[in-house]
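Results of the structural survey
Listed below are the residues making up each chain.
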Amino acid sequence: MEPLKIVVAGPVGAGKSTLIRTLSETEVVDTDALASEAIGKPTTTVAMDYGTLHLGDQLLYLFGTPGQDRFDFMWDVLSEGALGLLMLIRGDKPEDFVPARRLLDYITSRQPVPYVIGVTRQDQPPVWGPEEVAPFFGVPLERVVGLNAKDPRSAVGPLIRLLELILAEEQAV
């Protein structure tokens, strides 16, 4: 099987780097730098995060995008050739849903690939759950998965769902 390139995108602090660090079977390549503005955390991704993961026999290349708009040029670079998109949003930060929707629309308009929305921080209530997020994004509930990006069993859930969508799309062609 050919490896699948998956883009992990989302606003600042959504859990992209954490998810990739949690799941990668190889040493993660990251481009973290000290944050030069108040973003709620000391470092930020300025170019990408990269890790690998096997789901069964399928190898996934995980490319995490920067969350800040000033690094948006990397969204196109990292999305090129992608076969799937995992859009992460913080379940406890609904003010990020609108920018996340813009990012989702931006990437899928350039790379029309299957996608799943992962709602992070499900282990830290009160948070919005998948059943509340799906209507906000106007997507079926099957495209929204709750997760804890620090827990490997939980973090892999949206990638399993995304792989199912990718394989279903390939079989439909």
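Summarised in this report is the structure supplied together with it. (Residues numbered from 1 in each chain as written. Predicted model: local features only at pLDDT ≥ 70, side-chain atom pairs only at ≥ 80, totals over all residues. Heavy atoms only, no water.)

1. Considerations on the nonpolar core
Ile6, Leu19, Leu53, Leu60, Leu86 and Leu159 are the most contacted members of the largest nonpolar core, which totals 24 residues. Elements that contribute at least two residues to this core include exactly strand 1 (4-9), helix 1 (16-23), strand 3 (43-55), strand 4 (58-64), strand 5 (84-90) and helix 6 (157-172). With 5 residues, the single largest contributor to this core is helix 6. Those residues in contact with Leu86, other than ones at most four positions away along the chain, are Ile6, Val7, Val8, Ala9, Leu19, Val116, Gly118, Pro158, Leu159 and Leu162. Val7, Trp75, Ile117 and Val119 belong to the second largest nonpolar core, which has 21 residues in total. (Core = buried A, V, L, I, M, F, W, Y, C linked by side-chain atoms within 4.5 Å. Buried < 20%, exposed > 50% of the residue type's maximum accessible area, 1.4 Å probe, protein only. Helix = DSSP H or I, 4+ residues; strand = E, 2+ residues; numbered from the N terminus. Contact = heavy atoms within 4.5 Å.)

2. Brief notes about the pairing of strand 1
Along strand 1, 6 of the 6 residues are buried, which leaves the element largely enclosed by surrounding structure. Side-chain alternation along strand 1 places Leu4, Ile6 and Val8 on one buried face and Lys5, Val7 and Ala9 on a second face that is also buried. Here 5 bridges tie strand 1 to strand 4, and the two strands are oriented parallel to one another. Bridging across to strand 4, Val8 finds its partner in Gly64. The pairing of strand 1 with strand 5 spans 4 bridges and is parallel. Looking at the pairing, Ala9 lines up with Met87 of strand 5. (Pairing = 2+ DSSP bridges.)

3. Quick look at the packing of helix 3 (residues 97-110) against helix 4 (residues 130-137)
Think of two packed helices as two axes; the pair is described by the angle between the axes and how far apart they sit. Where helix 3 contacts helix 4, the axes come no closer than 11 Å and their chain directions differ by 60 degrees. One element, helix 3, and the other, helix 4, form an angle in the oblique class. Our pair here, helix 3 against helix 4, has a crossing hand that is right-handed. Residues Phe97, Val98, Ala100, Arg101 and Leu104 of helix 3 form the contact with helix 4, whose participating residues are Val133, Phe136 and Phe137. Here the residues of the contact of helix 3 with helix 4 are counted per class, giving 7 nonpolar, no polar and 1 charged. (Axes fitted to C-alpha atoms, helices over the stretch in contact; angles between N-to-C directions. Parallel < 35°, antiparallel > 145°, perpendicular 65-115°, else oblique. Left-handed = near helix turned anticlockwise from the far one by under 90°. Nonpolar A, V, L, I, M, F, W, Y, C, P; charged D, E, K, R; others polar.)

4. Structural notes on the environment of Tyr115
As for its placement among the helices and strands, Tyr115 is situated in strand 6 (residues 115-120). Judged by its relative accessible area of 16%, Tyr115 falls in the buried class. Spatially, the C-alpha atom of Tyr115 lies 7.1 Å from that of Arg143, the residues being 28 residues apart in sequence. Residues in contact with Tyr115, not counting those within four places in the same chain, are Leu85, Leu104, Thr108, Val139, Arg143, Leu162 and Leu165.

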